[in-house]
Amino acid sequence: NKLKGKGVWRYKELIAGEYKEIVSLNEGNTPLIKSSSSPNLYFKFEGANPTGSFKDRGMTVAISSAKSLNYKVVVAASTGNTAASAAAYASRAGLKSYIVLPKGKVALGKLAQSILYGTTILEVDGSFDIAMNSVMRLYKELKIVYPLNSFNPWRLEGQKTIAFEIVEDIGVPDNVIVPVGNAGNIYAIWKGFTELMNIGIIDKVPRMIGVQAEGAAPIAKALEKGLDKPEFVDSPETIASAIRIGKPVNWKKAIKAIKSSNGFATYVSDSEILEAQKELARKEGIGAEPASAASYAGYLKLVNNGKIDKNERTVLILTGHALKDPDAMVKAEARRILINPEHINEIILSDLR
Ligand code: F0G
């Protein structure tokens, strides 16, 4: 109850590290929205962050750390959201930024943000995993660049505040469902709950449930087979470009979070993802990008096959805003009618008949 302010830095005392300067866009403090149809289901809408994804929570901490350590140059590989967030926070901090993207595989809204915030965009022919690898190499060779990917622990320090906000809103849920790509966020959220338990604020940690896309599911498929190590995917494919990742760098941390919370992982098809995205928008009024809708697709599947009970309190992390990926949105079938403006009333009157 000593807590002051809103958002990520409200929890400053629980965020490791020393900061000479804090670079913030008032990220965090996102709405936890109760489902309109299912009384025990909640949506944590991370699309409400300043650049439209949960990445901003990690970026405020990582960029503050880069500033405090006097770095001048930051770099990140990305499927798009990390790039948009890194570019925005680097601008705010006055740091030079480079982002490494898989060419042609980044959703339009995210690319547009990166252009607007004025970062340098470096593109690789190939998947995110190749971009990630190049950043790892760069950072080892060129110590003057500060890496903003989620192997950077300060990113996860910021993202763990998702757990703190959930606890403040509804206490400890039974399940938290997280879409998994590079596998940092599920660990960060678990770390947040675990720390609250260790200081005696809560008495249990929710089951952490990871959802991957079928064509990019190294962790979910391995756990399903009882393996402790993912079988990496060379050419990951899914409509959910944010989580089109075959070799998640944080896989060990993710498996630790899942196993020690008695959770599990599952995967969903692209058509399940798009159907879930549409249902979220049309039944709940919530616009989430495909990767985020994967958590809802996973929830529906797990309720269906009895792995989750509808009476359990479940929070879905909706990681990014629908506007991030306009191409995915326009794939939904729509009622669009060319009208004669003189007869605009006819459609409505005939609908009402
Ligand atoms: N959802 C969205 C919208 C994402 O952008 C990401 C990751 C995830 C889920 C998965 O989180 O990687 O911590 O398991 N996007 C990264 C990026 C890879 O570059 O923007 P994770």
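Residues numbered from 1 in each chain as written. Predicted model: local features only at pLDDT ≥ 70, side-chain atom pairs only at ≥ 80, totals over all residues. Heavy atoms only, no water.

A. Just the overall build of the protein, in detail. Counting its secondary structure elements, the protein contains 13 helices and 10 strands. A compact globule built from 353 residues would reach a C-alpha radius of gyration of about 20 Å, and the protein, at 20 Å, matches this within 12%. Counting only C-alpha atoms and orienting by the principal axes, one finds that the protein spans roughly 70 × 45 × 45 Å. For the protein, the residues scored as buried account for 56% of the 353 residues in total. Across the protein, contacts joining residues at least 24 apart in sequence account for 72% of those joining residues at least 6 apart. (Helix = DSSP H or I, 4+ residues; strand = E, 2+ residues; numbered from the N terminus. Rg over C-alpha atoms; globule rule 2.2 N^0.38 Å. Buried < 20%, exposed > 50% of the residue type's maximum accessible area, 1.4 Å probe, protein only. Contact = heavy atoms within 4.5 Å.)

B. Quick look at the site of the ligand. Taken together, 20 residues sit near the ligand, with Ser78, Thr82, Asn182, Ala183 and Thr319 positioned nearest. In this structure, a nitrogen atom belonging to the ligand sits 2.9 Å away from a side-chain N or O atom of Lys55. Contact between the ligand and Thr79: an oxygen atom at 2.8 Å from a main-chain N or O atom of the residue. The fraction of the free accessible surface of the ligand (480 Å²) that becomes covered by protein chains is 99%. (Near = heavy atom within 4 Å. Polar contact = N/O pair within 3.5 Å; in protein donor to acceptor, adjacent residues only side chain to side chain. Areas by Shrake-Rupley, 256 points an atom, 1.4 Å probe, with all protein chains shown as cover.)

C. Seen up close, the packing of aromatic side chains. In this structure the tally under the stated criterion is 7 aromatic pairs. With a centroid separation of 5.4 Å and 75° between ring planes, the pair formed by Trp9 and Tyr19 is classed as edge-to-face. Residue Trp9 is found in the segment before β1 (32-34), and its partner Tyr19 is found in the segment before β1; the two are separated by 10 residues along the sequence. A ring pair is formed by Tyr139 and Phe151, whose centres lie 5.7 Å apart and whose planes are at 45°; its orientation type is tilted. Residue Tyr139 is located in helix α4 (residues 128-141), and its partner Phe151 is located in the loop between β6 (145-147) and α5 (153-159); the two are separated by 12 residues in the primary sequence. The exposure class assigned to Tyr139 is partly exposed, which follows from its relative accessible area of 29%. On the basis of relative accessibility, which here comes to 18%, the residue Phe151 falls in the buried class. Members of the aromatic cluster, connected to one another through ring pairs, are Trp9, Tyr19 and Trp154. Seen from the ring of Tyr267, Lys221 lies directly overhead, with NZ or CZ sitting 5.0 Å from the centre. (Phe/Tyr/Trp six-rings, centres within 6.5 Å; stacked < 30°, edge-to-face > 60°. Lys NZ or Arg CZ within 6 Å of the ring centre and 35° of its normal.)

D. A look at unusual backbone geometry. A positive phi angle, close to 60°, is found at Asn26, a residue other than glycine. Secondary-structure assignment places Asn26 in the segment before β1. Here Asn26 falls in the exposed class, since its relative accessible area comes to 68%. With a phi angle near 65°, Asn70 is a residue other than glycine that sits in the positive phi range. Examined against the element boundaries, Asn70 turns out to sit in the loop between α1 (55-68) and β3 (73-77).

E. Highlighting the packing of helix α10 (residues 270-284) against helix α11 (residues 290-304). Interhelical geometry of α10 versus α11 gives an angle of 95° and a closest axis separation of 8 Å. For the element pair α10 / α11, the angle class is roughly perpendicular. Of the residues in α11, those touching α10 at Glu272, Ile273, Ala276, Gln277, Glu279 and Leu280 are Pro290, Ala293, Ala294, Tyr296, Ala297, Leu300 and Lys301. Taken together, the residues that form the contact of α10 with α11 break down as 9 nonpolar, 1 polar and 3 charged. (Axes fitted to C-alpha atoms, helices over the stretch in contact; angles between N-to-C directions. Parallel < 35°, antiparallel > 145°, perpendicular 65-115°, else oblique. Nonpolar A, V, L, I, M, F, W, Y, C, P; charged D, E, K, R; others polar.)

F. Region of interest: the nonpolar core. Judged by nonpolar contacts, the single largest core of 39 residues is most densely connected at Val176, Ile189, Phe193, Met208, Ile219, Val315 and Ile317. For this core, the secondary-structure elements that each account for two or more residues are α6 (161-170), β7 (175-179), α7 (185-198), α8 (218-224), α9 (251-260), β9 (264-268) and β10 (314-318). Ranked by residue count, the leading element in this core is α7, at 7 residues. Discounting chain neighbours no more than four positions away, the residues touching Val315 are Leu32, Tyr42, Lys44, Ile166, Ile170, Pro173, Asn175, Val176 and Ile177. Within the second largest apolar cluster, 28 residues are counted, among which are Phe45, Phe264, Ala291 and Ala294. (Core = buried A, V, L, I, M, F, W, Y, C linked by side-chain atoms within 4.5 Å.)

G. The domain arrangement of the protein, seen in detail. When its domains are assigned, the protein resolves into domain 1 (8-52 + 154-329) and domain 2 (56-153). Here the C-alpha centroids of domain 1 and domain 2 sit 21 Å apart. The interface of domain 1 with domain 2 comprises 47 residues on the first partner and 41 residues on the second. Interface of domain 1 and domain 2: buried area, both sides summed, is about 3,500 Å²; carbon and sulfur atoms make up 53% of it. (Domains from an automatic or database assignment. Buried area = accessible area lost by both parts, 1.4 Å probe.)

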